[in-house]
Amino acid sequence: MKLVVRVIEARNIPAMDLNGLSDPYVRLQLGRNRFRTKVVKKNLNPSWHEEFTFWVEDLSEDLVVSVLDEDRYFNDDFVGQLKVPVSRVFDAEDKSLGTTWHKLHPKNKKSRSRDCGEILLNVFFAQNSAFMPSNSDDDHLPPLRKHPDFTVESPSRSFSGSSRSSSPMPSGMRMEDCATKDEKVIAQKTIAGRIAQIFIKNGDLASSTSARSVDSSELFETPIAEVYENKPEEQSSSCNFEEAMKRMEAKDEEKECPSNLPGGVLLDQLYVVASSELNSLLFAPDSHFPGALADLQGTTELQQGPWVFENGGDSLKRVVSYIKAATKLIKAVKATEDQTYLKADGKVFAVLASVSTPDVMYGSTFKVEVLYCITPGPEMPSGEESSRLVISWRMNFIQNTMMKGMIENGARQGLKDSYAQYGSLLAQNVKPVDPKDVGSNKEQVLASLQVEHQSDWKLAVQYFANITMVSTIVAVLYVSTHIWISAPSTIQGLEFVGLDLPDSIGEVIVSALLVIQAERVLKMIARFMQARVQKSSDHGVKAQGDGWLLTVALIEGSNLASVDPSGFSDPYVIFTTNGKTRTSSIKFQKSDPLWNEIFEFDAMDEPPSVMEVEVLDFDGPFDEATSLGHAEINFVKTNLADLADVWIPLHGKLAQACQSKLHLRIFLNNTRGNNVVTEYINKMEKEVGKKINLRSPQTNSAFQKLFGLPPEEFLINDFTCHLKRKMPTQFFFYPFSSFKLFLEKLGRLFLSARIIGFHSNLFGHKTKFFFLWEDIDDIQLETPTLSSMGSPIIVMTLRPGRGMDARHGAKSQDAQGRLKFYFHTFVSFNVGQRTIMALWKARSLSPEQKVRIVEESESKSLQTEEGGSFLGLEDVYMSEVYSSVLSLPANFFMELFSGGDMEYKIMQKLGCLNYSSTLWELDKGDTYVRQICFKFDKHVSRYRGEAVSTQQRSLLPDRKGWVIEEVMTIHGIPLGDYFNLHLRYQIEHAPLKGKGCSVNVFFGIEWLKSTRNQKRISKNINSNLQARLKLMMDEIEKEFLTGK
């Protein structure tokens, strides 16, 4: 149904400008649709005579009419507004309010006495898709100017995915003149019920025959879409999808494809289809895929708006709305998705979708952003094209909320499930590519490469065909002719037979020029001969051994810098990995050289981490080569499927100025399967002196997912430890002192063949980073300190400029730019230290420096760990183990956590020996953190284990109490490294009990590894804890009574 609003005129508008006048205009809004009138300059009784049309979706909405004063330099001033309920217009006689003066009201209720003027409107419903004729009392009014400069985007809701093209919608135009037959949609029940009442009242539904005669397309059409106000250039640029893509391709500025969003990757898959075809399948208005996906996920009322150019044609956008199916926790909600093309150059496509769900709880505080990146993939052996689809997401919080963590976790799980169905359905429409198939076709891909064969004579002609050689030949011919035709000169001066010296300054200069020219020619000949010796020195050399085989195909170069006077260069490429190098042939006088050469590296026991690529210009055997650019390929951060056919941009001043690139095809294969992993772990066992279990595929998969690692990465060992890092703030205390705070983070250190990573999730604060073993310059041990709880500290110093992605976990950075990481309080320090040193030596030392691990003559009994699955640091379920109201003030109870004499006295009575604690340090906001270390008395634990804990103190939201969060690690007891203990003390004032306080203690166990003794351990710890808590409360009450 169509609601028509005629804005006629206004009177007694208050003056908003300094000149005593106003520049008023009217803005109308119904749901998502917004319009505005023209601006009437310097007038307090403006006249507009404009007409607007709205599509009504819900009769419960209000039509908001606002009058504003235009301001050229600042925000427009608000004059007044009124709200007209749509249901009031629908229930009125003839579905019209007539031409009526409406009083404008201020936005602030406190200013109701202020006169904002009046506005003359005519609001009515247009029945039977035709507008109602003007009322008789409107005849004296001038003709209305129907609003021609807006667009109504009316997407189709059919499952075929077709959508209407946007077109101007003058108020007098019938909708069926602009719509096609397949654009009929079902209206909401509220409108259907109202319309049914109308026809029942009028007797039009007396028979089914008359009911069928009503055109459903006229009654139940409910288009959605954003209506763009005052943007005629955007409506005129609306076109079909193919034309829009061509227009985007023509305007492409060769920007790089945007990187993945930080929330994580939801889908990463190769498909046997061209990137442009995949883009059309996902985003074309006539695609069937969105409709099929809606059916699969239970989504209803899917409406896709047309693609429309905005901002003068710089951006391409559309609006999609739908009702998301209900889940067990959330009812069905309406979602609006704004899709924007960030890049579309015909091969690479990037679409950013911003999804808003205002109807859910806290829905106005956040938006979910999803990035779709479509890039060309490697060419298949059959000749077919492939493309890669990567979908990533992030949460964009518009407002701060305490429920941020819960909202983000819920969104993450929902997106994970939704895009699992998305990928499954897409795989049914487009054939996916298995990355293993890409690797298995390596031989076919490399066999297609053909090296360009050129004869030495052809290369010589190409190389020596320059101005230097031509001028030299001319000079030789000229001098030879002169000698031939001239007579021998007489001997004079210091000359004698066989020695002819120059007789003038001119002859000296000519002789010098000839010598210089001859020297240049000789250098060119020497360079050419040396280059021919180096030609294809490593091309075609087969790899030796079994293990990780790295194969690099150097295809071609593009836009290499020119450093020779001829305007070209003589480039060659050097590849370096794990201390081994491969060198390509030299291409003479080329800026876009074609190599088609294949290089294989001998088998390695562990997969390579990085490969350095250096492009040099050949200047001869005795001159230093000029660097044309360099690059580094990180195998840990890059998917192997992406390296099967990739253009690598070069870095360096010359390369960046010329935008130089190399075309490579890289393959990494493991010829020994799981045996290579087993053998590597066995080698580490001999160095460490402790049994290292081979982790299960599920454990390795969780480890790879945690740090975003490729599937060939395998976990060797992990340890619980503390990370000391520097706080970003420096605190000053009066009058002269200042110091920096250091934050302790309890987490887990993960060790693999190529990386060392740390992950912590303490009190909702997540810390995650990793760096390569090759990045480490030095590892040192520091003596134990109070802050390290009596544990030695492992200090890892990285090489200059390395590990910058992990700098948020570093404690300091020295003058050379080297990051330093401090790890301490290991559960098994000796095992952790030996494992770290063994892995570092195996990776960082060159093959010549590596010392073979000799088998020990005396067999050592290797300790065995009970195999467990990696569970990560997830939220722990906590149950209440103590609750009581104590007859003492809450402030006195908090002395138990102050680090004073009372805390030490009570803890000693509880059996905590050598009790020590650090000062409370500010972490964030009103949150403070400290560390505690003590040993258990033999009456508490016969193992006399050592406990290390981190406590966090913060105020309750109502600021009437405190919360103490504690994470405790116990060392020196059986299975102590299998779990962490979590405690929460909640202390509140109890005003009803006089000066009392309420104390509640919650307890939970975080299992780091699985064991069949979990129930037994939990029961033992729980009973012991309750007894200790009761004793602690009795002791603190005695202290309070004694101190009175």
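The structure displayed is predicted, hence computed values, not measured ones.

Reading guide: rules and limits
- Residues numbered from 1 in each chain as written.
- Predicted model: local features only at pLDDT ≥ 70, side-chain atom pairs only at ≥ 80, totals over all residues.
- Heavy atoms only, no water.
- Helix = DSSP H or I, 4+ residues; strand = E, 2+ residues; numbered from the N terminus.
- Buried < 20%, exposed > 50% of the residue type's maximum accessible area, 1.4 Å probe, protein only.
- Contact = heavy atoms within 4.5 Å.
- Areas by Shrake-Rupley, 256 points an atom, 1.4 Å probe, with all protein chains shown as cover.
- Axes fitted to C-alpha atoms, helices over the stretch in contact; angles between N-to-C directions.
- Parallel < 35°, antiparallel > 145°, perpendicular 65-115°, else oblique.
- Left-handed = near helix turned anticlockwise from the far one by under 90°.
- Nonpolar A, V, L, I, M, F, W, Y, C, P; charged D, E, K, R; others polar.
- Arc of directions from axis to C-beta.
- Pairing = 2+ DSSP bridges.
- Polar contact = N/O pair within 3.5 Å; in protein donor to acceptor, adjacent residues only side chain to side chain.
- pLDDT = per-residue confidence, 0-100.

(A) Seen up close, the overall build of the protein chain. Counting its regular elements, the protein chain contains 22 helices and 44 strands. In the protein chain, which comprises 1044 residues, the share counted as buried stands at 48%. Summarising the internal contacts of the protein chain: among those between residues at least 6 apart in sequence, 64% fall at separations of at least 24. Accessible surface, the protein chain: about 53000 Å² in total, of which carbon and sulfur atoms supply 53%.

(B) Highlighting the packing of helix 7 (residues 275–283) against helix 9 (residues 404–429). Across the interface, helix 7 lies against helix 9 with an axial gap of 12 Å and an inter-helix angle of 125 degrees. Of the possible angle classes, the one that applies to helix 7 and helix 9 is oblique. Handedness of the crossing formed by helix 7 with helix 9: right-handed. Contacts between helix 7 and helix 9 involve Leu278, Leu281 and Leu282 from the first element and Tyr422, Leu426 and Asn429 from the second. When the residues that make up the contact of helix 7 with helix 9 are grouped by side-chain class, the tally is five nonpolar, one polar and no charged.

(C) Quick peek at helix 7. Inspection of helix 7 places Ser275, Leu278, Asn279, Leu281, Leu282 and Phe283 among the buried residues, and these make up the whole buried set. End-on, the buried residues of helix 7 take up no more than an arc of 165 degrees, which puts them together on one face.

(D) Seen up close, the pairing of strand 18 (residues 366–376). With respect to burial, strand 18 is a largely interior element, eight of its 11 residues being buried. Two elements, strand 17 (residues 349–356) and strand 18, share seven bridges in a ladder whose sense is antiparallel. In the strand pairing of strand 18, Val355 is matched with Val368. One ladder, built from 11 bridges, connects strand 18 with strand 19 (residues 387–397); its direction is antiparallel. For Thr375, the partnering residue across the bridge sits in strand 19 and is Arg388.

(E) Quick look at the environment of Ser752. Within the secondary structure, Ser752 sits in strand 30 (residues 738–752). Since its relative accessible area comes to 0%, Ser752 is described here as buried. Ser752 sits 20 residues away from Leu772 along the chain, and the two C-alpha atoms are 9.6 Å apart. Excluding its chain neighbours within four sequence positions, the residues that come into contact with Ser752 are Phe703, Glu713, Phe714, Leu715, Ile716, Trp773 and Leu839. Of the polar contacts made by the side chain of Ser752, one reaches the side chain of Glu713; its length is 2.5 Å.

(F) Region of interest: the sheet that holds strand 23 (residues 580–583). On the basis of which strands lie adjacent, the open sheet formed by four strands has the order 23-22-25-26 and antiparallel pairing. Across the chains shown, the open sheet's two edge strands, defined by having one partner strand only, are strand 23 and strand 26 (626–634). Taking each pair of neighbouring strands and ignoring which way they run, the sheet shows an average axis angle of 20 degrees. The sheet contact formed by strand 22 (residues 571–577) and strand 25 (residues 610–617) spans six bridges and is antiparallel. The residue bridging Thr576 from the neighbouring strand is Glu612, located in strand 25.

(G) The arrangement of the confidence of the model for the protein chain in detail. Across the protein chain, the average pLDDT comes to 77, with 77% of residues at or above 70. In the predicted structure, residues 148–238 sits below a pLDDT of 50 and forms 182 contacts with residues beyond four places in sequence or in another chain. Here residues 847–874 is modelled with pLDDT under 50, and outside its nearest four sequence neighbours on either side it reaches 52 contacts, counting other chains as well.

(H) Region of the structure containing the sheet that holds strand 5 (residues 62–69). Read across the open sheet, the four strands follow the order 3-2-5-6; overall the sheet is antiparallel. In this open sheet, the two strands that pair with only one neighbour each are strand 3 (33–36) and strand 6 (77–85). Averaged over all pairs of adjacent strands, the angle between their axes in this sheet comes to 15 degrees, without regard to strand direction. Both strand 2 (residues 24–30) and strand 3 contribute to a ladder of four bridges, which runs antiparallel. Bridged to Gln29 within strand 3 is Arg34.

(I) Highlighting the side chain of Glu903. Its location among the elements puts Glu903 in helix 21 (residues 901–909). Overall, Glu903 belongs to the buried group, its relative accessible area being 0%.

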